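Overview (structure and organization)
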Amino acid sequence: MQRLDYFIKRLLLIVPTFIGITLAVFILIQFVPGGPVEQQLAQMRGAGNIGGANVQAIAEEQREALMKEFGWDKPILVRYWDNMVVNKAALTMHSIQYRERTTWELIRSRFKVSLIFGITGFVLTYLICIPLGIAKALRDGGAFDIASSIVVFTGYAIPAFAFGMLLKMFFTGTVEGFWDFFPVAGFTSPHYAELSALGKVKDIAWHMFLPVLCYMVGNFAVLTLLMKNSLLEQIGKDYIRTVLAKGGSSRRAIWGHALRNSMIPIVTGIGGIMTVMFAGSVLIEKVFEIPGMGLLSLEVIVNRDYPTFMAILSLTSILGLIGNIVSDMAYVLIDPRINFE
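Let us look at the structure shown here.

Procedures and definitions
- Residues numbered from 1 in each chain as written.
- Predicted model: local features only at pLDDT ≥ 70, side-chain atom pairs only at ≥ 80, totals over all residues.
- Heavy atoms only, no water.
- Salt bridge = Lys/Arg side-chain N within 4 Å of Asp/Glu carboxyl O.
- Buried < 20%, exposed > 50% of the residue type's maximum accessible area, 1.4 Å probe, protein only.
- Phe/Tyr/Trp six-rings, centres within 6.5 Å; stacked < 30°, edge-to-face > 60°.
- Lys NZ or Arg CZ within 6 Å of the ring centre and 35° of its normal.
- Axes fitted to C-alpha atoms, helices over the stretch in contact; angles between N-to-C directions.
- Helix = DSSP H or I, 4+ residues; strand = E, 2+ residues; numbered from the N terminus.
- Left-handed = near helix turned anticlockwise from the far one by under 90°.
- Nonpolar A, V, L, I, M, F, W, Y, C, P; charged D, E, K, R; others polar.
- Contact = heavy atoms within 4.5 Å.

Counted by the stated rule, this structure contains seven salt bridges. Its salt-bridge partner being Asp82, residue Lys74 comes within 3.2 Å of it at the nearest N-O pair. Overall, the relative accessible area of 38% leaves Lys74 in the partly exposed class. Each member of the salt-bridge network shares a partner with another, and the members are Lys136, Asp140, Asp145 and Lys228.

And the structure:
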């Protein structure tokens, strides 16, 4: 009952926390220089739409028209209400950068890329790093532990974009004399629409292998060492020595007791599965010319496309808050002794 009350409170806290996050950011962006009104005026001046003897009067008239168009002639709290309530967390508003498309249509068009980035990277990272961390802990100080540490830290030390450039050079045929196994750029082939369902899956996997590899490399070292150190810490505790003293085998002590407790720090990242649809990397997507959420986020910030920015912020905030609750639930499943009081 205590746990149920705790999770109900956490769910109820999502509403005020979400309002606090979005309101604080919304107020902040109102005062950032170079907003959409200023950018539109600059474009008009560049196109010669504002000129002549009455430049100042025309510019002021255009400014007032743009302020009204973007709703910036209203008080901040009224604009916040219009964005987050009337327009459903800014999802039904039209993008300033892509005027004919709503923010939801724009975000949805990038889902496929981000889901592949996020889900594949998330699942493979956990499937590889947890067993690797366990193996390193059981062979602590041995040849396997040292050799795997060198590989893991080498990959961690190389910036993602630099690693991407190296992979592109070695495996896409951009440099003569190297292999030509994968496509240079893009998310799908030109003939993608003509392929069968299985063919489409293979085509996307073929294009995304190198980008996903780059995306995963940075997480390997942290999660692997966290798993290793957590298991080593549990192995050295008194309750493991008690199991061994009572005649229990090392296998039972490690796999039956220490492993479960060592997983507790690992589940802190489980909630991240909720935000994987927005996963992405600007640099990796730039290197491989992939239209994902990373590039979209950069574009809307640079171009001051505030409706799209607020829509992305709203979705990531809600999913992130729910993800934290999912992580807490994972804690309970792994260790029922946890007290939330």
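Once the structure has been displayed, the description carries forward.
Moving on to the packing of aromatic side chains. Applying the stated criterion across every chain yields a total of eight aromatic pairs. Ring centres of Phe171 and Trp179 lie 5.8 Å apart, and the angle between their planes is 15 degrees; this geometry places the pair in the stacked category. Judged by its relative accessible area of 24%, Phe171 falls in the partly exposed class. By relative accessible area, which is 49% here, Trp179 ends up partly exposed. When the centroid spacing of 6.2 Å and the interplanar angle of 20 degrees are considered together, the rings of Trp179 and Phe181 count as stacked. Here Phe181 falls in the partly exposed class, since its relative accessible area comes to 48%. One aromatic cluster in this structure is built from Phe170, Phe171, Trp179 and Phe181. Taking NZ or CZ as reference, Arg79 lies 5.3 Å from the ring centre of Trp72, over its face. A cation over a ring is seen here: Arg139 above Phe144, with NZ or CZ 5.5 Å from the ring centre.

Running from amino to carboxyl end, helix α6 (residues 111-138) crosses helix α9 (residues 197-235) at an angle of 35 degrees, the nearest separation of the two axes being 6 Å. Where α6 crosses over α9, the handedness of that crossing is right-handed. Residues that form the contact of α6 with α9 fall into these classes: 23 nonpolar, six polar and three charged.

Moving on, we come to the environment of Ala185. Counting through the fold element by element, Ala185 comes out in the loop between α8 (160-171) and α9. Sequence separation of Ala185 and Lys286 is 101 residues, and the distance between their C-alpha atoms is 9.5 Å. The residues contacting Ala185, other than those within four sequence positions of it, are His207, Phe288 and Glu289.

Read these as spatial facts, not as claims about activity.
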